[in-house]
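Read off the chains here:
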Amino acid sequence: MPSSLLFRRLRALRPLPILAGLALPLTLAACGDGSMGGMHSTPTPKAQVVANATLMLASGASAGTAELLQGPDGFRVHVDAKGLPPGVHGIHLHTVGKCEAPGFTTAGGHLNPDGHQHGAENPAGSHLGDLTNLTVGADGTGALDFSLRGGADMTGPALFDADGTALVIHAAPDDYKTDPSGNSGARLACGVFVRQ
Ligand SMILES: [Cu+2]
Ligand SMILES: [Zn+2]
């Protein structure tokens, strides 16, 4: 075979490995959100559960569960509550992972690693542990998803410090501004996050 022909064939072949190399990452990216191969214009970032909490009432009865999820954009809290009085309830991450009934005061104050005051409507707010109120229906259940602010440098170490972190559900709504706890009243339910 003349060497010039061999050269042309090699040149014609060259794009193939490049295309094959591109196709694999694209395929993986399309499936990266865990869906069954569907293409999305805005794929949901994959978040993994990094800690779980079992919520408990003062009576010792279960009040549902909570999860901490970590994704590319930070941490998220998911709550599935049950056995609670219908209505609107303040809910926060508290600074100590210790839930002693009946008052749950052992959980300490709100998680606040960067020294803010309480509440999203407080000019000096908010605590890292301030979530939006949980609405409980007539059947006693309620669910909440909340993305925590801050990057991995502050949020992760605050959540997983030596004394742990608790989630507390209160009797009254959080007014989002009264320091230090939003006037949200007694602590009805508490759960300690256990790292996975
Ligand atoms: Cu609280
Ligand atoms: Zn707070």
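Residues numbered from 1 in each chain as written. Chains lettered and ligands numbered in written order. Predicted model: local features only at pLDDT ≥ 70, side-chain atom pairs only at ≥ 80, totals over all residues. Heavy atoms only, no water.

A.B. asks: Could you give an account of the overall build of the chain, with specific residues and numbers?
C.D. replies: In terms of regular secondary structure, the chain is built from three helices and 10 strands. Going from N to C terminus, the chain has its helices and strands arranged as α-α-β-β-β-β-β-β-β-α-β-β-β. Every one of the 196 residues in the chain was classed for burial, and the buried ones make up 33%. Expressed as a percentage of contacts within the chain between residues at least 6 apart in sequence, the contacts between residues at least 24 apart total 61%. Just so you have it, the chain exposes about 10700 Å², and 61% of that area is on carbon and sulfur atoms. (Helix = DSSP H or I, 4+ residues; strand = E, 2+ residues; numbered from the N terminus. Buried < 20%, exposed > 50% of the residue type's maximum accessible area, 1.4 Å probe, protein only. Contact = heavy atoms within 4.5 Å. Areas by Shrake-Rupley, 256 points an atom, 1.4 Å probe, with all protein chains shown as cover.)

A.B. asks: I'd like a description of the coordination of the copper ion (ligand 1), backed by residues and values.
C.D. replies: Note on metal sites: the ideal angle is 109.5 degrees for four tetrahedral donors, and 90 or 180 degrees for six octahedral donors. Only His92 (ND1), His94 (NE2) and His170 (NE2) from the protein coordinate the copper ion (ligand 1), and they sit 1.9 to 2.0 Å from it. All donors of the copper ion (ligand 1) come from a single chain, and their spacing in sequence reads H-x1-H-x75-H. Taken together, the residues His94 in strand 5 (residues 91–94) and His170 in strand 8 (residues 166–170) connect sequence positions 76 residues apart. Of the two residues, His94 and His170, neither departs from the other in class, the shared state being buried. (Donors = N, O, S within 2.8 Å, 3.2 Å for Na, K, Ca; no water.)

A.B. asks: With reference to specific residues and values, describe the coordination of the zinc ion (ligand 2).
C.D. replies: Only His110 (ND1), His118 (ND1), His127 (ND1) and Asp130 (OD) from the protein coordinate the zinc ion (ligand 2), and they sit 1.9 to 2.0 Å from it. Coordination geometry of the zinc ion (ligand 2): the four donor atoms subtend angles of 101 to 121° at the metal centre, consistent with an arrangement described as tetrahedral. Mapping the donors of the zinc ion (ligand 2) onto the primary sequence yields the spacing H-x7-H-x8-H-x2-D. Its relative accessible area of 0% is what places His118 among the buried residues. (Tetrahedral: all angles 85-135°; square planar, octahedral: opposite > 155°, others 65-115°.)

A.B. asks: Pulling in residues and values, what's your account of the confidence of the model for the chain?
C.D. replies: Looking at the chain, the pLDDT average stands at 84 and 77% of residues meet or exceed 70. Of the regions scoring below 50 in pLDDT, residues 1–38 engages in 10 contacts with residues more than four places distant in sequence or in other chains. (pLDDT = per-residue confidence, 0-100.)

A.B. asks: Which residues make up the pattern of salt bridges, and what values do they have?
C.D. replies: Evaluation of the coordinates by the stated rule reveals three salt bridges. A salt bridge links Asp145 to Arg76, with the shortest nitrogen-to-oxygen separation between them at 3.4 Å. With Asp145 in strand 7 (residues 142–147) and Arg76 in strand 3 (residues 74–81), this pair connects stretches of sequence that are 69 residues apart. For Arg76, a relative accessible area of 32% gives the class partly exposed. Here Asp114 ties to Arg149 by a salt bridge, and the two come within 2.9 Å at their closest N and O atoms. Placement of the pair is Asp114 in the loop between strand 5 and strand 6 (134–136) and Arg149 in the loop between strand 7 and helix 3 (152–159), with a sequence separation of 35 residues. (Salt bridge = Lys/Arg side-chain N within 4 Å of Asp/Glu carboxyl O.)

A.B. asks: Give me the lowdown on unusual backbone geometry, citing residues and values where you can.
C.D. replies: The omega angle of the peptide bond from Ala101 to Pro102 is 5°, so this bond is cis rather than trans. Checked against the element boundaries, Pro102 lands in the loop between strand 5 and strand 6. The phi angle at Phe104 is positive, at roughly 55°, despite the residue not being glycine. If you trace the backbone, Phe104 turns up in the loop between strand 5 and strand 6.

A.B. asks: Explain the state of the cysteines to me, and be specific about the residues and the numbers.
C.D. replies: By the definition in use, this model includes one disulfide. With a sulfur-sulfur separation of 2.0 Å, Cys99 is cross-linked through a disulfide to Cys190. Between Cys99 and Cys190 the sulfur-sulfur dihedral comes to about -65°; the bridge is accordingly left-handed. Note that Cys99 is positioned in the loop between strand 5 and strand 6 and Cys190 in strand 9 (residues 187–192), a separation of 91 residues in sequence. Each member of the pair Cys99 and Cys190 is classed as buried. (Disulfide = S-S within 2.5 Å.)

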